[in-house]
Amino acid sequence: MQRSCVTSITFCLLLPDGMQSRYHSGMFATELLHQSYCGRFAPSPTGPLHFGSLVAAVGSYADARAHGGTWLLRLEDVDAPRTVPGAADAILRTLERLGFAWDGEVVFQSRRTSLYRAAFERLRLEGRVFACACTRREIADSTLGPDGARRYPGTCRAGLAPGRDARAWRLMVEPGEICFDDALQGRICQDVAAEVGDFVVLRAGGLFAYQLAVVVDDAEQGVTHVVRGADLIESTPRQICLQRQLGIPRPAYLHLPAVVNALGEKLSKQTRARPIDDARPQAVLAAALAFLGQQPPAELAGTDLASLWLWSIEHWDRGRLPHCRTAPAPAEY
Ligand SMILES: [Zn+2]
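What you see is a predicted model, and the numbers here were worked out from it, not measured in a lab.

How each quantity is defined
- Residues numbered from 1 in each chain as written.
- Predicted model: local features only at pLDDT ≥ 70, side-chain atom pairs only at ≥ 80, totals over all residues.
- Helix = DSSP H or I, 4+ residues; strand = E, 2+ residues; numbered from the N terminus.
- Buried ≥ 20, exposed ≤ 12 C-beta atoms within 10 Å, placed from the backbone.
- Contact = placed C-beta atoms within 7 Å.
- Pairing = 2+ DSSP bridges.
- Axes fitted to C-alpha atoms, helices over the stretch in contact; angles between N-to-C directions.
- Parallel < 35°, antiparallel > 145°, perpendicular 65-115°, else oblique.
- Left-handed = near helix turned anticlockwise from the far one by under 90°.
- Nonpolar A, V, L, I, M, F, W, Y, C, P; charged D, E, K, R; others polar.
- Core = buried A, V, L, I, M, F, W, Y, C linked by C-beta atoms within 7 Å.

A word on the overall build of the protein. Scanning the protein from terminus to terminus reveals eleven helices and twelve strands. Within the protein, the fraction of its 333 residues that count as buried is 43%. Intrachain contacts of the protein at a sequence separation of at least 6 include 79% that bridge at least 24 residues.

Have a look at this one:
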């Protein structure tokens with residue numbers, strides 16, 4: 001099966017210069033989006049695939065296939081300095097060995113800068129972003145936001161002080177709560193203006209921020225359902241802010257429990273999460289399914305990978321997913 005969301009859901013295909021007019025034309029009712037299912041998995045190539053990212057891959061894949069949907073693969077290497085050479089290839093190889101079959105070509109954010117530039121220029125022309133000259137030290141006294149970053153106090157909102165140069169560009173966040181209904185975590189609300197403040201969309205050094213890239217990519221690729229780890233749930237209201245200001249539709253969200261280690265830290269390169277052992281694909285896939293509350297029969301562990309996937313998709317049950325933001329990694333995987 002080689003179909004991509006952009007061909008099967010053409011009303012989601014965004015061209016950079018036509019983005020706004022198409023979505024503001026009223027042709028694309030939000031309900032239309034949910035008649036088809038287009039999911040994705042979007043790892044950052046900062047290291048090999050670990051159990052936490054595997055859980056997000058399994059959850060998004062099984063949920064997409066169980067709904068008869070397409071599933072795209074996107075490498076989030078927009079943060080070039082954090083990208084590790086060879087990591088993207090290693091991730092793709094591991095996914096292949098584990099039996100994942102994605103639709104269409106793999107997309108690399110690093111090759112899509114013109115899309116982010118077009119979205120940024122639209123925001124800039126509409127006066128929705130402003131230049132910020134603040135250094136990290138200058139906002140160090142501000143209060144902490146939900147993800148531990150400092151809340152931006154709005155210093156440069158009304159223009160740069162004389163003699164100051166722009167370091168980054170920030171989105172002018174409108175006041176008020178932003179709420180969404182997560183398919184697993186329930187209703188989530190955040191006052192982005194009060195808790196995070198105007199956030200960066202174009203970073204010092206000219207790199208586009210993760211939040212902007214994700215929103216533009218999901219819209220451009222026609223993604224209708226975002227299934228990912230709950231470690232990203234605090235980012236979602238910021239992404240909704242951007243969707244609103246860019247006039248693009250909001251996908252449905254389901255945030256799976258994030259995998260934590262014995263110390264309660266999210267599995268990541270920084271917490272030295274060990275790479276997936278893809279020489280034992282059935283065992284690691286079964287461990288990820290068990291983490292997600294799915295219970296493949298024991299006899300399937302000894303069978304071939306294709307049968308295990310077939311069972312997983314046929315029996316995928318959102319009702320069995322654990323209702324929590326984090327859960328510990330299993331002892332064995
Ligand atoms: Zn500033």
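On we go from here.
The next point concerns the sheet that holds strand β5 (residues 168–171). Judged by pairing direction, the sheet is antiparallel, and its three strands sit side by side in the order β4-β5-β8 without closing on themselves. If you trace the sheet from one side to the other, it starts and ends with β4 (129–132) and β8 (200–202), each paired once. Pairs of neighbouring strands in the sheet enclose a mean axial angle of 45 degrees, with direction left out of account. Contacts between helix α6 (residues 113–125) and the sheet are confined to β4, β5 and β8, with β8 contributing the most and set at about 115 degrees to the helix.

A word on the sheet that holds strand β1 (residues 38–41). Ordered in space as β1-β2-β3, the three strands form an open sheet in which the pairing is parallel. In this open sheet, the two strands that pair with only one neighbour each are β1 and β3 (107–108). Relative to strand β2 (residues 70–75), β1 is paired through four bridges, and the arrangement is parallel. Its bridge partner lying in β2, Gly-39 is registered against Trp-71.

This paragraph deals with the packing of helix α10 (residues 281–291) against helix α11 (residues 305–314). One can describe the packing of α10 onto α11 by two numbers: an axis separation of 10 Å at closest approach and a directional angle of 15 degrees. Considering their axes alone, α10 and α11 lie roughly parallel with respect to each other. Read as a crossing pair, α10 and α11 show a hand that is left-handed. Across the interface between the two elements, Pro-281, Gln-282, Leu-285, Ala-286 and Leu-289 of α10 pack against Leu-305, Leu-308 and Ser-312 of α11. The residue makeup of the contact of α10 with α11, split by class, is six nonpolar, two polar and no charged.

Grouped together as the largest cluster of nonpolar side chains are 51 residues, with contacts concentrated most on Leu-54, Val-55, Val-58, Leu-256 and Ala-288. Counting residues per element, this core draws most heavily on helix α4 (residues 51–66), which supplies nine residues. Here Leu-54 is in contact with Leu-49, Ile-276, Val-284 and Ala-288, once residues within four sequence places are set aside. Grouped together as the second largest cluster of nonpolar side chains are 37 residues, Tyr-116, Val-196, Phe-208 and Val-216 included.

This brings us to helix α8 (residues 210–220). Most of α8 is tucked away, with ten of its eleven residues classed as buried. The complete set of buried residues in α8 reads Tyr-210, Leu-212, Ala-213, Val-214, Val-215, Val-216, Asp-217, Asp-218, Ala-219 and Glu-220. The inward-facing, buried residues of α8 contact β2, α6, β8, β9 (225–229) and α9 (236–246).

Where strand β6 (residues 178–182) lies against strand β7 (residues 186–190), five bridges are found, and the strand directions are antiparallel. Across the sheet, residue Phe-180 finds its bridge partner in β7, namely Ile-188.

Let us now look at the environment of Arg-318. As for its placement among the helices and strands, Arg-318 is situated in the loop between α11 and β12 (326–328). The spacing of Arg-318 and Asp-63 is 255 residues in sequence and 7.9 Å in space, taken between C-alpha atoms.

What follows is about the packing of α4 against α10. For any two helices packed against each other, one specifies the inter-axial angle together with the distance between the axes. Between α4 and α10, the shortest axis-to-axis distance is 9 Å and the interhelical angle comes to 75 degrees. Taken together, α4 and α10 sit at an angle that is classed as roughly perpendicular. Residue-level contacts link Leu-54, Val-55 and Val-58 of α4 to Val-284, Leu-285, Ala-288, Leu-289 and Phe-291 of α10. Per-class residue counts for the contact of α4 with α10 are eight nonpolar, no polar and no charged.

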